[in-house]
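Descriptive structure summary
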Amino acid sequence: MRAPGVIGILVKAGEKAALDGKLATEKAPFKTAALTGESKPDTKYAGDTVFAGMINLETVDEIEVSSAFVDSKLSKILEVVQD
């Protein structure tokens, strides 16, 4: 159960995480190639950090949001690429 005031988002299989946060479900594999260049899926466990742009590979998983998009890792990468 989430702490009061903590927002959670659901990410379906095949969808990209929209915001940075902590994985609230027990376990989930993510494709991280867009952020890290690593082609092998990265399994995250409850409490692990998930970054915007990671692709959920299997089930519907919940992420407890930790920052707004403008403060996300993906947003920072996009800023660097645009500059």
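First, a word on scope: everything that follows refers to the structure included in this document. (Residues numbered from 1 in each chain as written. Predicted model: local features only at pLDDT ≥ 70, side-chain atom pairs only at ≥ 80, totals over all residues. Heavy atoms only, no water.)

**Here's the deal with the overall build of the chain**
- Along its length, the chain carries two helices and seven strands.
- Seen in sequence order, the chain has helices and strands lined up from the N terminus as β-β-β-α-β-β-β-β-α.
- The buried share of the chain, taken over its 83 residues, is 27%.
- Contacts in the chain between residues far apart in sequence, at least 24 positions, make up 69% of those at least 6 positions apart.
- Per element, the accessible surface of the chain, about 5400 Å² overall, is 55% carbon and sulfur. (Helix = DSSP H or I, 4+ residues; strand = E, 2+ residues; numbered from the N terminus. Buried < 20%, exposed > 50% of the residue type's maximum accessible area, 1.4 Å probe, protein only. Contact = heavy atoms within 4.5 Å. Areas by Shrake-Rupley, 256 points an atom, 1.4 Å probe, with all protein chains shown as cover.)

**Observations concerning the nonpolar core**
- Ranked by size, the top nonpolar core spans nine residues in total: Ile9, Val11, Ala17, Leu23, Ala28, Phe30, Val50, Met54 and Ile63.
- Elements supplying a minimum of two residues to this core: β1 (8-11) and β3 (27-31). (Core = buried A, V, L, I, M, F, W, Y, C linked by side-chain atoms within 4.5 Å.)

**Some words on the sheet that holds strand β5 (residues 49-50)**
- Taking strand neighbours across the sheet as the criterion, the four strands line up as β1-β7-β2-β5 in an open arrangement whose pairing is antiparallel. Among the strands making up the open sheet, the edge pair consists of β1 and β5.
- When strand β2 (residues 21-23) meets β5, the two strands line up antiparallel, connected through two bridges. When the bridges of β5 are listed, Gly21 appears paired with Val50. (Pairing = 2+ DSSP bridges.)

Taken by themselves, the reported measurements are silent on function.
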